[in-house]
Amino acid sequence: MRMIDAVRRLCPRAHPIYIEAFEKADDDLEAAGINTKLRMAHFLTQVMHETGRLTILTENMNYSARRMTEVWPRRFPTTAHAAPYANNPKALAEKTYGGRMGNGPEGSGDGWKYIGRGPIQCTGKESYAEFGKLLGIDLVGNPELAIDPDYTLKIAIAEWTQKRCNPKADQNDIYAISLAINGGTVGLVERRSMFTEVWKIFSCGEESWQEAAPKHSTIALQKAMNEIMNAKLVVDGKAGPATEKAVRDFQASHGLKEDGIAGPVTWAAIEVALKDSKSPR
């Protein structure tokens, strides 16, 4: 399946710029190795999530104070901290991006000028300079080129490649991909749900973990769940719904956030539970 075919089925309201970009993206996707069902599905999942199913060209910085405390809890620990920037996109962009990612300090205009644009939301003067140089265009001087149909998807593909997302896709590791693309795990639950939807289009009903490459950490996790939860998982290093369910069950029984993700907090609890299971009674 061509990526554009999946886009048309999954994103009926996609912006014409994205449609045009995907229509001529086959060679670029192939050259970047985004050419297996898993890689294509994970790439499109991230692009769809970052752009509201390909309806958003430029990052929306129009946030309420409450939403800011959820998205940037360290920067805005309370609504009082966030209030001066509420529903003021330019001020918020300067506050959140000023003095970072190659931008000048808050108030320089760089935070607003180099906000996120395109399928994977290229953000920050440093990234604009890097990908502009790679593509031979002046993105720093002309940031709007990041949403030009001739370049917008090329930038996203270059960032995907730079962050080594193909090997992560081969392991069906949406957590690692989301962390690489987003810089955090905001919206991870939605990304996982969206991947399930995208995968149905690319796989024709097959299970994604059957194609995924084994991962050592997943093998360890499956062994741990079998030991602690008697989960009866097949220890194959391929993360699938049974492994996720076992992790959710473990989290529920230990008072942890039930997201099915074996992050640092969950792993610490797993290690304690393993020690307890092996201690003499």
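Structure first, text after, so check above.
These numbers come from a predicted model, not from an experiment.

J.: Which residues make up the side chain of Glu-94, and what values do they have?
T.: Positionally, Glu-94 belongs in helix α7 (residues 89-97). Among buried charged residues, Glu-94 stands out as having no salt bridge; its nearest opposite-charge side chain is Lys-90, 6.8 Å away. Reaching out from Glu-94, the side chain makes a polar contact with the backbone nitrogen of Ser-108 at a distance of 3.3 Å. At a separation of 3.0 Å, a polar atom in the side chain of Glu-94 contacts the main-chain amide nitrogen of Trp-112. What Glu-94 contacts, discounting residues up to four positions off in sequence, is Pro-105, Glu-106, Gly-107, Ser-108, Gly-109, Asp-110, Gly-111 and Trp-112.

J.: Give a detailed account of the packing of aromatic side chains, specifying residues and quantitative values.
T.: Overall, the coordinates contain six aromatic pairs when judged by the stated rule. A ring pair is formed by Phe-76 and Tyr-85, whose centres lie 5.8 Å apart and whose planes are at 50°; its orientation type is tilted. Here Phe-76 falls in the buried class, since its relative accessible area comes to 1%. Overall, the relative accessible area of 16% leaves Tyr-85 in the buried class. Relative to Tyr-128, the ring of Tyr-114 has its centre 5.2 Å away and its plane inclined at 55°; by these criteria the two rings are tilted. Here Tyr-114, found in the loop between α8 (110-113) and α9 (125-135), pairs with Tyr-128, found in helix α9; they are 14 residues apart in sequence, far enough to count as distant. Tyr-128 shares its class with Tyr-114; the two are buried. Through a chain of ring-to-ring contacts, three or more aromatic side chains come together here, namely Tyr-63, Trp-72, Phe-76 and Tyr-85.

J.: Describe the nonpolar core, and please don't skip the residues or the numbers.
T.: Met-3, Phe-22, Phe-43 and Leu-44 are the most contacted members of the largest nonpolar core, which has 43 residues in total. Of all the secondary-structure elements, those providing two or more residues to this core are α1 (3-10), α2 (16-23), α4 (37-50), α10 (152-162), α11 (165-170), α12 (174-182) and α13 (188-203). Among the elements that make up this core, the one with the highest residue count is α4 (seven residues). The contacts of Phe-43, once residues within four sequence positions are left out, are Met-3, Phe-22, Leu-29, Ile-34, Ile-120, Leu-153, Ala-156, Ile-157 and Trp-160. Ranked by size, the runner-up nonpolar core spans 13 residues in total, among them Met-68, Leu-92, Ala-93 and Tyr-97.

J.: Talk me through α9; I want residue IDs and the actual numbers.
T.: Among all positions of α9, only Tyr-128, Phe-131 and Gly-132 are buried. The buried residues of α9 occupy an angular sector of 105° when projected down its axis, which confines them to one face. Away from the buried face of α9 by more than 90 degrees, exposed residues Glu-126, Lys-133 and Leu-134 are located. Among the structural elements, α10 are those in contact with the buried residues of α9. One or two steps after α9, the chain reaches Gly-136, where phi turns positive at roughly 75°.

J.: Can you lay out the environment of Leu-92 for me, pointing to particular residues and giving the numbers?
T.: Along the chain, Leu-92 falls in helix α7. A C-alpha to C-alpha distance of 32 Å links Leu-92 and Leu-10, two positions 82 residues apart in sequence.

J.: Can you lay out the pattern of salt bridges for me, pointing to particular residues and giving the numbers?
T.: In the structure shown here, the tally under the stated rule is 17 salt bridges. The salt bridge involving Glu-70 is made with Arg-66; its shortest N-O contact spans 4.0 Å. In this pair, Glu-70 and Arg-66 both sit in helix α5 (residues 65-71), four residues apart, roughly one turn of the helix. A relative accessible area of 44% means that Glu-70 is categorised as partly exposed. Residue classification places Arg-66 among the exposed positions, given a relative accessible area of 62%.

Criteria and thresholds
Residues numbered from 1 in each chain as written. Predicted model: local features only at pLDDT ≥ 70, side-chain atom pairs only at ≥ 80, totals over all residues. Heavy atoms only, no water. Helix = DSSP H or I, 4+ residues; strand = E, 2+ residues; numbered from the N terminus. Buried < 20%, exposed > 50% of the residue type's maximum accessible area, 1.4 Å probe, protein only. Lys, Arg positive; Asp, Glu negative; His and termini not counted. Salt bridge = Lys/Arg side-chain N within 4 Å of Asp/Glu carboxyl O. Polar contact = N/O pair within 3.5 Å; in protein donor to acceptor, adjacent residues only side chain to side chain. Contact = heavy atoms within 4.5 Å. Phe/Tyr/Trp six-rings, centres within 6.5 Å; stacked < 30°, edge-to-face > 60°. Core = buried A, V, L, I, M, F, W, Y, C linked by side-chain atoms within 4.5 Å. Arc of directions from axis to C-beta.

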